[in-house]
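Structure at a glance
Listed below, chain by chain, are the residues.
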Amino acid sequence: MSEPIEVAPRESSVLRISARTAGIMLIFALVFTALMAGTYRATAPYVAASALAEKLRLIGEVLPQELYDNDLTADALILPPQDMLGLDEETRIWRARKLGAPVALVLEAAAADGYSGRIGLIMAVGSDGKLIALRVTSHKETPGLGDYINLKKDRNKTRPWITQFNNLGFDTVAQKSWRVKKDGGHFDQMSGATISARAVTNASGRALAWTLERSDRLFTLPANSRYTEEGKPQ
């Protein structure tokens, strides 16, 4: 029969200290996790409200409030990622109506080929097929050069570059001409910063075409439903 193993006093003390330290660290981790979870639960409504307020502010830049009388947040569609819109994550399409009649669709799009990467866009497309207005929501273009695509950073306050898209459709500017003038199209660009303008122009043209092809269905789908291409599974 084997003899019991004796633990030296020093080793026993080290084991007790290690166990106590591990216990303290476990308690600290549990308390910290609980505090973080509580903070998240407490602040989540405010974060969501802030994000919604910012989204409504951006919508207000492309769609004047006097044009519609419905609650856009209650009359929206869930839009899965769409290659033609340059979107790789889920977004929303907001539907504006006046006295129940369709007025406009507000949606996001993106250009992946900006000079410094992705350029985020938001646009309002009227029920008459015209692009009411277009705005850049995010970009990393060169300050003082390519950032003129952003209304707030455009030095031309009389006629900012982005406003040349206002109230245009394929009936006035053919889809094949929805390009910058350097590429044989209709839209101006700033000398030395064509890439930024080209990216926004091409992306907005694709997004306008995508929207017009689906406009009737986008207006008639039930509120808060998930949009899918016809013939594809939900």
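Overview of the structure. Worth saying up front: this structure is predicted, and the values here are computed from it rather than measured.

A closer look at unusual backbone geometry
Its identity is not glycine, yet asparagine 167 carries a phi of approximately 60 degrees, on the positive side. Position of asparagine 167 relative to the elements: it lies in the loop between strand S5 (131–138) and helix H2 (194–220).

Remarks on the packing of aromatic side chains
A complete count under the given rule lists seven aromatic pairs for this structure. Here the aromatic rings of phenylalanine 165 and tryptophan 178 are separated by 6.3 Å at their centres, their planes lie at 40 degrees, and the arrangement is tilted. Here the residue phenylalanine 165 occupies a position in the loop between S5 and H2, and tryptophan 178 occupies one in the loop between S5 and H2, the gap between them amounting to 13 residues. There is no split in this pair, since phenylalanine 165 and tryptophan 178 are both buried. Centroid distance tryptophan 210 to tyrosine 227: 5.7 Å. Interplanar angle 70 degrees. Geometry classified as edge-to-face.

Comments concerning the pattern of salt bridges
Across all of its chains, the model carries 12 salt bridges by this definition. A salt bridge links arginine 95 to aspartate 75; the nearest nitrogen and oxygen atoms lie 2.8 Å apart. Placement of the pair is arginine 95 in strand S2 (residues 91–98) and aspartate 75 in the loop between helix H1 (9–62) and strand S1 (76–79), with a sequence separation of 20 residues. A salt bridge links glutamate 90 to arginine 92, with the nearest nitrogen and oxygen atoms 3.6 Å apart.

The rules behind these values
- Residues numbered from 1 in each chain as written.
- Predicted model: local features only at pLDDT ≥ 70, side-chain atom pairs only at ≥ 80, totals over all residues.
- Heavy atoms only, no water.
- Helix = DSSP H or I, 4+ residues; strand = E, 2+ residues; numbered from the N terminus.
- Phe/Tyr/Trp six-rings, centres within 6.5 Å; stacked < 30°, edge-to-face > 60°.
- Buried < 20%, exposed > 50% of the residue type's maximum accessible area, 1.4 Å probe, protein only.
- Salt bridge = Lys/Arg side-chain N within 4 Å of Asp/Glu carboxyl O.

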